[in-house]
Amino acid sequence: MSIAPMQFRPECLPCLEGLVELTVSLASAEPELKGRAREAALAVIRREAGPGAIPALLATRFHRLIRELTGNPDPFRSRKEAETALLARLAGRVIPDPPPRDLAALLALAVLGNALDFFRTPEEISREVLRTPEFAIFHLEAFREILEQGTGLVLYLADNAGEQFFDLCLVQGLRARGWEVRYVVKGGPVQNDLTREDLEASGLAPALAPVADTGAETVGLVLSECSPAFRELYRRARLIVAKGMGHFETLARQPDPRLFFLLQAKCAPVARALGVPPGSFVFRQSSRITSTR
């Protein structure tokens, strides 16, 4: 079934406004700074929200303003530390020792980490991570077909800090099949997304190495803002695994058979774009997404 890329919906507005409020509250305790940052961020939403807008790109723009106006380069640092500790504990309960080798099982483990969300409580996250995932869309055979054609470079686009504990088994499983896997983090702090610093603090950097970063601080991936080095990696990759809704929002407009989205559809607009119920787990090849342009 063909589906349209993510579009701005009325439900996106309160979500973005809530993200502004959360980010401002984390960025500063100073009322005046918070007020200036809040107003500047809300002005971005008022000016740019509407048909054709991509929520992840709006979030990137107002996150930059909030960081600049408050002087806080990483407002979500404490949240990321707490969420990383939570997912480390949950991974210890969920991931078997030794981990599975079966590709379907590895994808199921990896997608569980994407249940992490800054609008969910630790109890809600734990409940989601500890359940058995059932994929509403599962393009395993298309993925396996590419893997069986030979070897090459896989880019694994990480999402939230903490998910690395669930990504590790899939990364290692792909490497065991002879593929060169580059684990990709953000070029700097943006909301609760994983950076090199976050990865190193978690202790998993050596296990996931070699690690690359995008050279950019964006929600999702905006190739025009990435470093030349990363754009070259992206050009020569034979497979790209993109975790999370931000990557779906920013990349689904450019169908690419190399690209597979791995996520939980945690909001109604993303679920509607994918054609699945909210809360569904998805592993979908991008080439099966129809552009509306």
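Structure: see above.
Each value, and the rule that gives it
Residues numbered from 1 in each chain as written. Predicted model: local features only at pLDDT ≥ 70, side-chain atom pairs only at ≥ 80, totals over all residues. Heavy atoms only, no water. Helix = DSSP H or I, 4+ residues; strand = E, 2+ residues; numbered from the N terminus. Rg over C-alpha atoms; globule rule 2.2 N^0.38 Å. Buried < 20%, exposed > 50% of the residue type's maximum accessible area, 1.4 Å probe, protein only. Areas by Shrake-Rupley, 256 points an atom, 1.4 Å probe, with all protein chains shown as cover. Lys, Arg positive; Asp, Glu negative; His and termini not counted. Charge placed at Lys NZ, Arg CZ, Asp CG, Glu CD. Contact = heavy atoms within 4.5 Å. Pairing = 2+ DSSP bridges. Axes fitted to C-alpha atoms, helices over the stretch in contact; angles between N-to-C directions. Salt bridge = Lys/Arg side-chain N within 4 Å of Asp/Glu carboxyl O.

With that out of the way, let us pick up the overall build of the chain. The number of helices and strands found in the chain is 13 helices and seven strands. Against the compact-globule benchmark of 19 Å for 293 residues, the chain has a radius of gyration of 18 Å, which places it among compact chains. Across the 293 residues of the chain, 57% fall into the buried class. Carbon and sulfur atoms make up 53% of the accessible area of the chain, which totals about 12100 Å². Separation between the mean location of the 36 positive side-chain charges and that of the 35 negative ones in the chain comes to 4 Å.

With that out of the way, let us pick up the environment of serine 126. Secondary-structure assignment places serine 126 in helix H6 (residues 122-129). Judged by its relative accessible area of 18%, serine 126 falls in the buried class. Contacts of serine 126, omitting those with residues within four sequence positions, involve Leu86 and Leu90.

Attention now moves to the sheet that holds strand S5 (residues 239-243). Strands sit in the order S1-S7-S6-S5-S2-S3-S4 across an open sheet of seven strands; the sheet is mixed. Only two strands of the sheet have a single neighbouring strand rather than two, namely strand S1 (135-138) and strand S4 (211-213). Across this sheet, the average inter-strand angle for adjacent strands is 20°, counted without regard to direction. Here strand S2 (residues 153-157) runs beside S5; their pairing, made up of four bridges, is parallel. Paired with leucine 155 across the strands is isoleucine 240, a residue of S5.

With that settled, consider the pattern of salt bridges. Using the criterion set out here, one finds 21 salt bridges in the structure. Ionic pairing is found between arginine 67 and glutamate 217, a salt bridge with its closest N-O pair at 3.0 Å. In this pair, arginine 67 sits in helix H3 (residues 55-70) while glutamate 217 sits in the loop between S4 and helix H11 (228-236), placing the two residues 150 residues apart along the sequence. Exposure remark for arginine 67: the relative accessible area of 11% places this residue in the buried category. Judged by relative accessible area, which is 30%, glutamate 217 ranks as partly exposed. For arginine 196, the salt bridge identified is with aspartate 213, shortest N-O distance 2.9 Å. With arginine 196 in helix H9 (residues 196-202) and aspartate 213 in strand S4, this pair connects stretches of sequence that are 17 residues apart. By relative accessible area, aspartate 213 is classed as partly exposed at 24%. Overlapping salt bridges, with partners in common, bring together Asp74, Arg77, Lys80, Glu197 and Asp198 in one network.

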